[in-house]
Amino acid sequence: MNIEQLHTLFLKHPSVSTDTRKIVKNDLYFALKGDNFNGNAFTQQALDKGASYCIIDDKTYAINKQCILVTDVLKTLQELAHVHRKYLNLPIIALTGSNGKTTTKELIHAVLSQKYKTSATVGNLNNHIGVPLTLLKMTKNTDIGIVEMGANHKKEIAFLSNIAHPDYGLITNFGKAHLEGFGSIEGVIEGKSELYKHLIAHNKTIFVNSNDPIQLEKSKEAKTIRFGSRKTDDYEIYFKSAQPNVTVTFNNVEINSQLIGEYNFNNIAVAIAIGAYFNVDEKQIKEAIENYVPNNNRSQIIEKGTTKIILDAYNANPSSMTVALQNFGKLEATNKIAILGDMFELGQDANKEHTDLAALANSLKLSQVVFIGENFHKALSGSNLTYKTFDDFKTAYHLKTLENATVLIKGSRGMALERILELL
């Protein structure tokens, strides 16, 4: 069966699953393999649960005619998504960046959904598997597709761009994320800019933040739509305040978001620009942004008794940690405590970045700064507010210190610092 024939089959059974635990009747099951699992081994289970067909790459598991044998299941999934994208021929907006991708994607989705039937990446399914699954969820009823792209090494964004072939694109920012894979901040810029290169090569359009000189430089050969605080921008959007929620103005309309931190201004601004470009009414743009509530440990404000918590524990890298701390330092609150967890995937820069981050935190004259994790413990040995593990923190830290305080909680996903809430 060639890829066009498989796509015809997919149109009859337009629901894909790669996990037998989530299969519903008539799904196409793609038996992906990983370092610690072989999806082929679950073929019978998939059929028992109602899968219409199973796409496998091990003939040992070709149980019956419902099993379609291919050379490589993952490659087949990616090729199917690409064929489906061409079949739909709808406008697709792609976005990548070091920080704020998922929040920006959700804001764009909220704004465009005011007028169009949109389909967007679910959660952060933004890799070589997630992007194909995102595309395969789109249908002929979809007006606009929104695809988030993540990467931790070079050539990955180029690869994802070749699958999705976006018509529009944007980069949220360039920061110190995944330095272990990219090698340096220059490597990050080069890797993320692969989206721009793809768009330029295909004469597509880039939404450019005019406040970012690197974006301006990397997009100078492109068809661009510029947004920012310059009079020459296509869409002028201005930051007003962040105490703690971000307020912006656009065409003399004030928009009061439920997002905290000045760093979220650019995420809001691009959603406004894209909404305006696609002729979403200003009132609808305002409504969409003001009604968007962050979740999943991203910039959430939570109150526990007398403690006000800024929970930003979904992920962290030196760039996002820096802006989060700088913003926290500007907040108008009297008793501010920062609880910071390790940042991962920094490679040889780990010790320096944790040392520098701690120096910044300690310079802000907060009431207290607490560090959790092996990297911080190694970089700051001797500090009595540094805990090697979360269990050490849980055992030794006096939680009553957090009463009547405003607390920033931020760390990499692997630190799972949202567990602190369970202790309060």
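Here the structure is a predicted model, which is why all the values come from computation and not from measurement.

## Quick word on the sheet that holds strand β2 (residues 28–30)
Read across the open sheet, the four strands follow the order β1-β2-β5-β6; overall the sheet is parallel. Looking at which strands have only one partner, the edges of the open sheet turn out to be β1 (16–17) and β6 (67–69). Note: strand β5 (residues 53–56) against β6, three bridges, orientation parallel. Counted as the bridge partner of C54 is C67 from β6. Of the strands in this sheet, β1, β2, β5 and β6 are in contact with helix α1 (residues 3–12), which crosses β2 at around 130 degrees. Across the sheet, helix α3 (residues 73–88) is in contact with β1, β2 and β5; its angle to β2 comes to roughly 130 degrees.

## Let's talk about the packing of helix α8 (residues 185–192) against helix α9 (residues 194–201)
Packing of α8 against α9 brings their axes to within 4 Å, and their N-to-C directions diverge by 30 degrees. By the angle between their directions, the pair α8 and α9 is classed as roughly parallel. Along the contact surface, α8 presents E190, G191 and K192, while α9 presents E194, L195 and Y196. Tallied by class, the residues present in the contact of α8 with α9 amount to two nonpolar, one polar and three charged.

## Details of the domain arrangement of the chain
Split into domains, the chain comes out as domain 1 (3–72), domain 2 (90–291) and domain 3 (300–423). The gap between the C-alpha centroids of domain 1 and domain 3 is 44 Å.

## Some remarks on α1
If you check which residues of α1 are buried, you get I3, L6, H7, L9 and F10. Taken around the axis of α1, the buried residues stretch over an arc of 160 degrees, which confines them to a single face. In this structure, the buried side of α1 is in contact with β1, β2, β5, β6, α3 and α5 (130–136). Regarding α1, its N-cap is N2, as a side-chain oxygen of that residue lies 3.2 Å from the backbone nitrogen of E4 further along.

## Details of helix α14 (residues 350–363)
For α14, built from 14 residues, the straight-helix expectation of 20 Å at 1.5 Å per residue is met to within 8% by its first-to-last C-alpha distance of 20 Å. Every buried residue of α14 is accounted for by A350, E353, H354, L357, A358 and A361. Within α14, the buried residues cover an arc of 130 degrees as seen down the axis, which keeps them to one side. Residues of α14 that are buried make contact with α7 (179–182), α13 (318–330), β18 (336–341), β19 (368–372) and α15 (374–379). After α14 finishes, the residue K365 shows a positive phi value of roughly 55 degrees.

## So, the pairing of strand β15 (residues 253–260)
In this structure, strand β14 (residues 245–250) lies alongside β15, joined through five bridges in antiparallel fashion. Across the sheet, the residue bridging to V248 is I255, located in β15. As consecutive antiparallel partners, β14 and β15 are separated by two residues, and within that stretch N251 has a phi angle of approximately 50 degrees, a positive value.

## Digging into the packing of aromatic side chains
Within the structure shown, the criterion is met by 12 aromatic pairs. Each ring, one from Y387 and one from F393, has its centre 5.7 Å from the other, and the planes form 80 degrees; the classification is edge-to-face. For the pair Y387 and F393, a shared accessibility class is recorded, and that class is buried. Each ring, one from Y387 and one from Y397, has its centre 6.4 Å from the other, and the planes form 85 degrees; the classification is edge-to-face. Taken together, the positions of Y387 in strand β20 (residues 386–387) and Y397 in the loop between α16 (390–396) and β21 (406–410) put the pair 10 residues apart, joining distant regions of the chain. By relative accessible area, which is 10% here, Y387 ends up buried. Feature note: the residues Y116, Y168, F207, Y277 and F278 constitute an aromatic cluster, connected by ring pairs. We note K336 situated over the ring of F328; from NZ or CZ to the ring centre the distance is 5.8 Å.

## As for the sheet that holds β18
The six strands are arranged β16-β17-β21-β18-β19-β20 in an open sheet whose pairing can be described as mixed. Pairing within the sheet leaves two strands with one partner each, and these edge strands are β16 (300–304) and β20. Pairing analysis gives five bridges linking strand β17 (residues 307–312) to β21, with the strands arranged parallel. Counterpart to D312 in the pairing with β21 is K410. Across the sheet, α13 touches β17, β18 and β21, and the angle it forms with β18 is around 170 degrees. Its contacts with the sheet put α14 on β18 and β19, and the angle it makes with β19 is roughly 160 degrees.

## Re the pairing of strand β12 (residues 223–228)
In the sheet, strand β11 (residues 205–209) pairs with β12 via five bridges, with the strands oriented parallel. Bridge assignment links T205 to a residue of β12, and that residue is K223. Following the chain from β11 across helix α10 (residues 213–218) to the adjacent parallel β12, one finds a crossover that is right-handed. For β12 and strand β13 (residues 235–242), the ladder comprises two bridges, and the chain directions are parallel. In the strand pairing of β13, F227 is matched with Y235.

## What to know about the side chain of T142
Mapped onto the elements, T142 comes out in the loop between α5 and β9 (144–148). The exposure class of T142 is buried, given its relative accessible area of 12%. What T142 contacts, discounting residues up to four positions off in sequence, is L90, K117, T118 and S119.

Rules used throughout
- Residues numbered from 1 in each chain as written.
- Predicted model: local features only at pLDDT ≥ 70, side-chain atom pairs only at ≥ 80, totals over all residues.
- Heavy atoms only, no water.
- Pairing = 2+ DSSP bridges.
- Helix = DSSP H or I, 4+ residues; strand = E, 2+ residues; numbered from the N terminus.
- Contact = heavy atoms within 4.5 Å.
- Axes fitted to C-alpha atoms, helices over the stretch in contact; angles between N-to-C directions.
- Parallel < 35°, antiparallel > 145°, perpendicular 65-115°, else oblique.
- Nonpolar A, V, L, I, M, F, W, Y, C, P; charged D, E, K, R; others polar.
- Domains from an automatic or database assignment.
- Buried < 20%, exposed > 50% of the residue type's maximum accessible area, 1.4 Å probe, protein only.
- Arc of directions from axis to C-beta.
- Polar contact = N/O pair within 3.5 Å; in protein donor to acceptor, adjacent residues only side chain to side chain.
- Expected span 1.5 Å × (residues − 1).
- Phe/Tyr/Trp six-rings, centres within 6.5 Å; stacked < 30°, edge-to-face > 60°.
- Lys NZ or Arg CZ within 6 Å of the ring centre and 35° of its normal.
- Right-handed = clockwise from strand over helix to strand, strands pointing away.

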